[in-house]
Amino acid sequence: MTQILIAVDYQAADAKEQFVRSLRETGFGVLKNHPIQQQSVADIYATWQSFFNSEEKHDFTFNKDTQDGFFPSTVSEVAKGFKKKDIKEYFHYYPWGQCPAALKQQLQDYYEQANALAAELLTWVEELSPEDVSKLYREPLSNMIKQSGQTLLRVLHYPPLDGSEEPDAIRAAAHEDINLLTILPAANEPGLQVKGKDGNWIDVPCDFGNLIVNIGDMLQEASGGYFPSTTHRVINPEGSDQTRSRISLPLFLHPRPDVVLSDRHSADSYLKERLRELGVA
Ligand SMILES: O=C(O)CCC(=O)C(=O)O
Ligand SMILES: [Fe+2]
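By the naming in an unreviewed UniProt entry, the protein goes by 2-oxoglutarate-dependent ethylene/succinate-forming enzyme and is assigned to Alteromonas arenosi. Note on the protein: under the UniProt heading Pathway (unreviewed entry), the record states "Alkene biosynthesis; ethylene biosynthesis via 2-oxoglutarate." Reading the Sequence similarities (unreviewed entry) entry of the UniProt record for the protein gives the comment "Belongs to the iron/ascorbate-dependent oxidoreductase family."

This is the structure:
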């Protein structure tokens, strides 16, 4: 059976239960009527489309040690197990990292809004974790992100396709996120798909205004697999849609580096291993 993702009304009396059930069953939860201001998302999409269209972006090339700044498509990630680079370029924003001065305030405001919501959603997960799962958490989930400094806002630009792309390359090859939770406003174009339990790809409802939340590997690890980090990808547009670019804005909620996730991993050791696999560290 193909599961369908249903948008949960953030204002509903049982929003918490519905949302955490969706995360448990599919690794994804979709929220509508949530507190993130849609206008701020739309404004960021417009501002950053201009940034990616400009040559200025090359003045902000990413710092390999700290991972902040602009990642051109030539160094873009190669998803684990794949050979082709994704057809994307992106900018990593941290409050302490590099950012064009004129664009900083807008991004910082969104970073704070999205962080506040992400922290709340993490407490929903914490409260509704069954006891045998909670006892696996080495510290309360809500504690893991306090003063973390590692939470990352990524502005992603998938350029229009012009036919020169490598055969078989797609906008974002199938992957799992590394962090605890990801918060992603619906992008300005479709393409995001999630892998269902039966192996079929399911389109994520992309109504502008929806917020898509998914579990990352660190929460899967910390919960002993109770919350699944589900594989997802972004497919290429077809026909006349190929001329359209796509912008998206995931916030990756990360714990402090010293947080112990499991017997096998601290957050720091886990992140470093994964970045090496992606070919960006
Ligand atoms: O662009 C999107 O919609 C998803 C991006 C994504 O999955 C990622 O950057 O990890
Ligand atoms: Fe992802």
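Q: So what about the side chain of His 232? Which residues, and what values?
A: Looking at the secondary structure, you find His 232 in strand 11 (residues 232-234). On the basis of relative accessibility, which here comes to 6%, the residue His 232 falls in the buried class.

Q: Go over empty space enclosed by the protein with me, naming the residues and quoting the values.
A: With the rule as written, the count across this model stands at 2 cavities of 30 Å³ or more. As for the largest cavity, its lining consists of 18 residues, and the residues nearest its centre are Leu 156, Tyr 158, His 175, His 232 and Pro 250. Every element with two or more residues in the lining of the largest cavity is listed here: strand 5 (152-158), strand 6 (172-175), strand 7 (181-185), strand 11 and strand 12 (246-248). Of the residues in the lining of the largest cavity, the class split is 9 nonpolar, 5 polar and 4 charged. The volume enclosed by the second largest cavity comes to roughly 40 Å³. Lining of the second largest cavity is provided by Leu 184, Pro 185, Ala 186, Ala 187, Leu 192, Cys 206, Ile 212, Arg 246 and Ser 248. Sorting the residues of the lining of the second largest cavity by element identifies strand 7 and strand 12 as the ones contributing at least two each. By residue class, the composition of the lining of the second largest cavity is 7 nonpolar, 1 polar and 1 charged.

Rules of the game
Residues numbered from 1 in each chain as written. Chains lettered and ligands numbered in written order. Predicted model: local features only at pLDDT ≥ 70, side-chain atom pairs only at ≥ 80, totals over all residues. Heavy atoms only, no water. UniProt positions renumbered as here; feature names shortened; annotations may be inferred. Helix = DSSP H or I, 4+ residues; strand = E, 2+ residues; numbered from the N terminus. Buried < 20%, exposed > 50% of the residue type's maximum accessible area, 1.4 Å probe, protein only. 1 Å grid on protein atoms, 1.4 Å probe; cavity = no way out; pocket = protein on both sides within 12 Å on 5 of 7 lines; lining within 4 Å. Points joined across faces, edges and corners; volume = space filled by probe spheres on them. Nonpolar A, V, L, I, M, F, W, Y, C, P; charged D, E, K, R; others polar.

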